[in-house]
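# Per-entry structural report
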Amino acid sequence: MQIQIDPGELQPSRGTSSALLERVMWLNADRVLYVGLLGEPSMRTFGAFSIYVSLRRPHRICVNGGEWEETQLSVVPPYVGHRIESDDRMICNILIESETVRLSDLPAHLRNGCGAVDAPEALQTMRDALDKFKRCASRQYARTEDFDENFFGGALPARALDRRISAMLNKIKCDPNSHTSAEECAVACHLSVSRFLHLFKAEVGSPFRSFRTWQRARSVLYYVRQNSNLANIALDVGYPDSTHFSHSVRQIYGLTPKSIFAGCRKLALYGSGAAAAPRHGFN
């Protein structure tokens, strides 16, 4: 099911370019749509497929310390370091959680993409979906499949997971700020710790510790519109102190928490759990 837009929901015509330049973020446990300030990030490493869409002028991307490429569309696989810059102040960034999709059946530009991508039809589909999202009064997707249908032309193929690992993924994603240990997960799965860690990596595609670190940093996105002291947010998100918070967030986003929160002051936030940024139950 796609977003349904009634004529009365459309904003006064301002042109697609004006609509695209509004700062918004929509997210749930499986996807993130961010349209906002790019800033000047250093190396960033997301635990998700990262798609960058230029809103007007091309952006430049450098993956794993390689050559800089100029493009309108780029894709970076999970846990791959990259840098991005643009003469525009804003960028569109879409994140796809890797454990939710079957890699072998993804569209070619997502499956094989690592840096600049030449996929004009996919680029136009995402730009059209973004414009449609901006013009919809509710700005909500009931399901991840609805988001995928709008931005990718169809629901992305779901990854089949071992039921024990799936249960642990849901536990971590529902409460990313907890300090769930591998030992606790292994006991719940009736496995040895070594067997659990091996099975987790085989099923999810990333080590347990990396996944948990990413999910905690990802949960920061639910707090970016809050005016609370950053030290308090660090504790709410599950970091022991503001130093660990700043270090971990910068390693993943390439920006300090202070820069991220400052850049999101004019951001409109939508999606599951976005309104209140609760400590539990982000799904």
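The following paragraphs examine the structure supplied in this document. (Residues numbered from 1 in each chain as written. Predicted model: local features only at pLDDT ≥ 70, side-chain atom pairs only at ≥ 80, totals over all residues. Heavy atoms only, no water.)

A few words now on the overall build of the protein. Counting secondary structure elements, the protein contains eleven helices and ten strands. Within the protein, the proportion of its 283 residues that are buried is 52%. Across the protein, contacts joining residues at least 24 apart in sequence account for 75% of those joining residues at least 6 apart. If you sum the accessible surface of the protein, you get close to 13000 Å²; carbon and sulfur atoms cover 49% of it. (Helix = DSSP H or I, 4+ residues; strand = E, 2+ residues; numbered from the N terminus. Buried < 20%, exposed > 50% of the residue type's maximum accessible area, 1.4 Å probe, protein only. Contact = heavy atoms within 4.5 Å. Areas by Shrake-Rupley, 256 points an atom, 1.4 Å probe, with all protein chains shown as cover.)

Glancing now at the nonpolar core. Counting residues in hydrophobic clusters, the biggest one holds 68 residues, and the most contacted among them are L33, I51, F151 and F152. F151 has contacts with L33, I94, T125, M126, A129, L130 and Y141, leaving out every residue within four places of it along the chain. (Core = buried A, V, L, I, M, F, W, Y, C linked by side-chain atoms within 4.5 Å.)

All right, on to the sheet that holds strand β5 (residues 69–71) then. One open sheet holds the three strands; their spatial order is β5-β4-β7, and the pairing between them is antiparallel. For this open sheet the edge positions go to β5 and β7 (82–86), each flanked by a neighbour on one side alone. Averaged over all neighbouring strand pairs, the angle between strand axes comes to 25°, with direction disregarded. In terms of strand pairing, strand β4 (residues 59–63) meets β7 through five bridges, oriented antiparallel. Bridging across to β7, C62 finds its partner in R83. (Pairing = 2+ DSSP bridges. Axes fitted to C-alpha atoms, helices over the stretch in contact; angles between N-to-C directions.)

Our next topic: the environment of D236. Looking at the secondary structure, you find D236 in helix α9 (residues 230–237). For D236 and Y223, which are 13 residues apart along the polypeptide, the C-alpha to C-alpha distance reads 9.5 Å.

The next point concerns helix α3 (residues 120–135). If you check α3, its first and last C-alpha atoms are 23 Å apart, about what 16 residues at 1.5 Å a residue would give, namely 22 Å. Turning to α3, its buried residues number three or more, namely A122, L123, M126, R127, A129, L130, D131, F133, K134 and R135. (Expected span 1.5 Å × (residues − 1).)

Let us look at the pattern of salt bridges. With the rule as written, the count across this model stands at 14 salt bridges. Between D88 and R57 there is a salt bridge, and its shortest N-O distance comes to 2.9 Å. Of this pair, D88 sits in the loop between β7 and β8 (90–97) while R57 sits in the loop between β3 (48–53) and β4, placing them 31 residues apart in sequence. A relative accessible area of 4% places D88 in the buried class. Judged by its relative accessible area of 44%, R57 falls in the partly exposed class. Across the pair R218 and E97 runs a salt bridge, and its minimum N-O distance is 2.7 Å. A residue pair is termed long-range when its members are at least 10 positions apart, and R218 in helix α8 (residues 208–219) and E97 in strand β8 qualify at 121 residues. The pair formed by R218 and E97 is uniform in burial state, with each residue classed as buried. A cluster of three or more residues bridged by salt bridges with shared partners is formed by R60, E70, E85 and D87. (Salt bridge = Lys/Arg side-chain N within 4 Å of Asp/Glu carboxyl O.)

A few words on unusual backbone geometry. The phi dihedral of R139 falls on the positive side, at around 50°, and the residue is not glycine. Mapped onto the elements of the fold, R139 is located in the loop between α3 and α4 (144–152). Here the phi dihedral of H190 falls at roughly 60°; this positive angle occurs in a residue that is not glycine. Summarising the element assignment, H190 is placed in the loop between α6 (182–189) and α7 (193–204).

This part is about the environment of I51. Summarising the element assignment, I51 is placed in strand β3. Considering only alpha carbons, one finds I51 and A116, 65 residues apart in sequence, at a separation of 10.0 Å. Those residues in contact with I51 that lie beyond four places of it in its chain are L73, S74, V75, C92, N93, I94, I96, L110, M126 and F152.

With that settled, the discussion passes to the packing of aromatic side chains. Per the counting criterion, the structure on display carries 15 aromatic pairs. Consider the rings of F147 and F151, whose centres lie 4.6 Å apart with planes at 20°: the pair is stacked. Of this pair, F147 and F151 both sit in helix α4, separated by four residues, roughly a single helical turn. With centroids separated by 5.8 Å and ring planes inclined at 50°, the aromatic side chains of F196 and F200 adopt a geometry described as tilted. With F196 and F200 both in helix α7, this residue pair falls four residues apart, about one helical turn. The exposure classification of F196 matches that of F200, with both residues buried. For the cation-ring pair, R216 lies above Y239, with the distance from its terminal atom to the ring centre recorded as 5.9 Å. (Phe/Tyr/Trp six-rings, centres within 6.5 Å; stacked < 30°, edge-to-face > 60°. Lys NZ or Arg CZ within 6 Å of the ring centre and 35° of its normal.)

The mixed open sheet is built from seven strands, whose spatial order is β9-β6-β3-β8-β2-β1-β10. Only two strands of the sheet have a single neighbouring strand rather than two, namely β9 (115–116) and β10 (268–271). The pairing of β3 with β8 spans six bridges and is antiparallel. Bridging across to β8, F49 finds its partner in I96. Relative to strand β2 (residues 31–37), α4 is tilted by about 55°, and along the sheet it contacts β1 (24–27), β2, β3 and β8.

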